Amino acid sequence: MAHPATRRAQHTLSALAVMLIASFMLAACTSQTGAERPPEPGDAAVAKVDGKTVWTSDVKREAVAQGLIGEGEPLDASSDLFRRVLDEVVDQKLLAAEALKRKLDKDPIAQKRLAAARERILGDMLVESVVSDAVNDNAIRGLYQEQLKLAKQSEEIRARQILVATQVDAEAIKKLLTTGASFEALAMERSTDAATRFNGGDLGYFTTDVMPEAYEANLKTAKTGEVVGPFAVDGGFAVVKVEDRRLEQPITLESARPQIVRFLTYDQVRDLLEKLRSRAKIQTLIRAPQDVPGQPKEPADAPKAAPASSVAPKAPPAKAAAK
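Residues numbered from 1 in each chain as written. Predicted model: local features only at pLDDT ≥ 70, side-chain atom pairs only at ≥ 80, totals over all residues. Heavy atoms only, no water.

**Looking at the nonpolar core**
Counting 13 residues, the largest nonpolar core has I157, Y215, L219, F231, V233, A238 and V240 as the members making the most contacts within it. Within the residue set of this core, elements represented by two or more residues are β3 (155–164), α9 (213–219), β5 (227–233) and β6 (236–247). When neighbours within four sequence positions are excluded, I157 is seen to be in contact with G204, Y205, F206, T208, L219, V242, D244 and R245. (Core = buried A, V, L, I, M, F, W, Y, C linked by side-chain atoms within 4.5 Å. Buried < 20%, exposed > 50% of the residue type's maximum accessible area, 1.4 Å probe, protein only. Helix = DSSP H or I, 4+ residues; strand = E, 2+ residues; numbered from the N terminus. Contact = heavy atoms within 4.5 Å.)

Encoded structure:
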């Protein structure tokens, strides 16, 4: 396996630019304060490279950049992953320091790349700031409650089934049930459905629209405790007992939270970019592609229906709180 420095060197040019910028910023802060301070609350020093501190936040940020952990996810400082990423951060700092010694940052191409990296960092920080202010617990709860009001609750059925090969076998089982035989015991003994047999035939809670048509037709009006069937299904004949009927339970706030956060984040970033673009003077200097004889053309879009209103409402996340 390649040494981390070798592996990272293959795809770390942009990271090197970021590190150079960070070096300049750190030097400025140190000269002003006289000592390094934790860049984030609760930060801890985990290494020093030529007297300069590496913080836990540096390692976590690199792990997020590599897609090893998600934004905001914890990273245990005693874990192997943390130590591996720490080695890579140290390597990056060594590479950046050597680049400064060689005055690579003075090269015009390097200056452009450093400027581009700076713009990316500042843009990311702006987005993080806007999202942090807007995507808060009140906004999340508000959208969740809004979706609960819009959600249509279907009826759920909990049922057990016994599946057998022939109608004769199914009729015999139903007769045994009328004499007091245990549905669960008969399911374990006689059912051919491997998915539910050893669970007493339990199908759990479901809405009939997700089941084959035969189940929907036969269970639509069945009451709790009623034994329905036999009726023909794929694989044979089914005898089904309705255990419970209830309104579909809405998704919990905690289950819906990740999807709501993604939607609110996207919404904030989209609105921010729309505002910035509307205030800016943007000129596209590249020409539109020209038609080349014989070149395949993309099919034309289908004509769009006229909108009912001149202002379209923002679409909430699909089924964010419906199920």
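So much for the structure itself; the text now carries on.
**With respect to the environment of A170**
By the secondary structure assignment, A170 is in helix α7 (residues 167–178). Overall, A170 belongs to the buried group, its relative accessible area being 0%. Put simply, A170 and G236 are 66 residues apart on the chain and 9.1 Å apart in space, counted from C-alpha to C-alpha. Setting aside its immediate chain neighbours within four residues, A170 contacts V164, P230, F237 and V239.

**Quick notes on the packing of aromatic side chains**
The full count for this structure, using the stated rule, is one aromatic pair. Taking the centre distance of 5.5 Å and the plane angle of 90° together, the rings of Y215 and F231 count as edge-to-face. In this pair, Y215 is assigned in helix α9 and F231 in strand β5, connecting sequence segments 16 residues apart. By relative accessible area, F231 is classed as buried at 6%. When the ring centre of Y205 is taken as reference, the NZ or CZ atom of R246 above it lies at 3.5 Å. (Phe/Tyr/Trp six-rings, centres within 6.5 Å; stacked < 30°, edge-to-face > 60°. Lys NZ or Arg CZ within 6 Å of the ring centre and 35° of its normal.)

**Quick look at the confidence of the model for the protein**
Mean pLDDT over the protein stands at 77; residues scoring 70 or higher make up 79%. Across the protein, the secondary-structure element scoring lowest on mean pLDDT is helix α1 (residues 4–9), at 43, and the one scoring highest is helix α4 (residues 80–101), at 91. Here residues 302–323 is a poorly scored stretch, pLDDT under 50, and it has 30 contacts once near neighbours within four places are set aside; other chains count. (pLDDT = per-residue confidence, 0-100.)

**Quick look at the pattern of salt bridges**
It is possible for side chains bearing opposite charge to pair when their charged atoms get close. One pass over the structure, following the stated rule, counts 14 salt bridges. For R158, the salt bridge identified is with D202, shortest N-O distance 2.7 Å. Of the two residues, R158 sits in strand β3 while D202 sits in strand β4 (residues 202–206), which places them 44 residues apart along the sequence. For R158, a relative accessible area of 27% puts it in the partly exposed group. Across the salt bridge formed by D271 and R270, the nearest N and O atoms sit 3.7 Å from each other. Of the residues examined, R270 reaches a relative accessible area of 25% and is grouped as partly exposed. The network of salt bridges with shared partners includes D137, R141, E254 and R257. (Salt bridge = Lys/Arg side-chain N within 4 Å of Asp/Glu carboxyl O.)

**Let's talk about the packing of helix α5 (residues 108–134) against helix α10 (residues 253–279)**
Running from N to C, α5 and α10 point in directions that differ by 125°, and their axes come no closer than 10 Å. The angle between α5 and α10 places the two elements in the oblique class. In this structure, α5 meets α10 at a crossing whose hand is right-handed. The segment α5 lies against α10, with L126, V127, V130, V131 and A134 engaging T265, Q268, V269 and L272. Its residues assigned to classes, the contact of α5 with α10 shows seven nonpolar, two polar and no charged. (Axes fitted to C-alpha atoms, helices over the stretch in contact; angles between N-to-C directions. Parallel < 35°, antiparallel > 145°, perpendicular 65-115°, else oblique. Left-handed = near helix turned anticlockwise from the far one by under 90°. Nonpolar A, V, L, I, M, F, W, Y, C, P; charged D, E, K, R; others polar.)

**Description of the side chain of T196**
Within the element layout of this structure, T196 appears in the loop between α8 (183–190) and β4. Of note is the side chain of T196, whose polar atom sits 2.7 Å from the side chain of D193. Apart from residues lying up to four places away in sequence, T196 is in contact with Q161, G201, D202 and L203. (Polar contact = N/O pair within 3.5 Å; in protein donor to acceptor, adjacent residues only side chain to side chain.)

**Details of the pairing of β5**
Burial within β5 is extensive, with five of its seven residues counted as buried. From the end of β5 to the start of β6, which pair antiparallel, there are two residues, and G235 there has a positive phi angle of about 95°. (Pairing = 2+ DSSP bridges.)

**Observations regarding the sheet that holds β5**
Sheet strands associate in pairs through backbone hydrogen bonding, adopting either a parallel or an antiparallel arrangement. Spatially, four strands are ordered β4-β3-β6-β5 in an open sheet, and the strand pairing comes out antiparallel. With one partner strand each, in any of the chains shown, β4 and β5 form the two edges of the open sheet. Here the strands of the sheet are splayed against their neighbours by 30° on average, with no regard to which way each runs. As judged from the 10 bridges shared by β3 and β6, these two strands associate in the antiparallel manner. Note on β6: the bridge partner recorded for R160 is K241. Relative to β5, α7 is tilted by about 170°, and along the sheet it contacts β3, β5 and β6.

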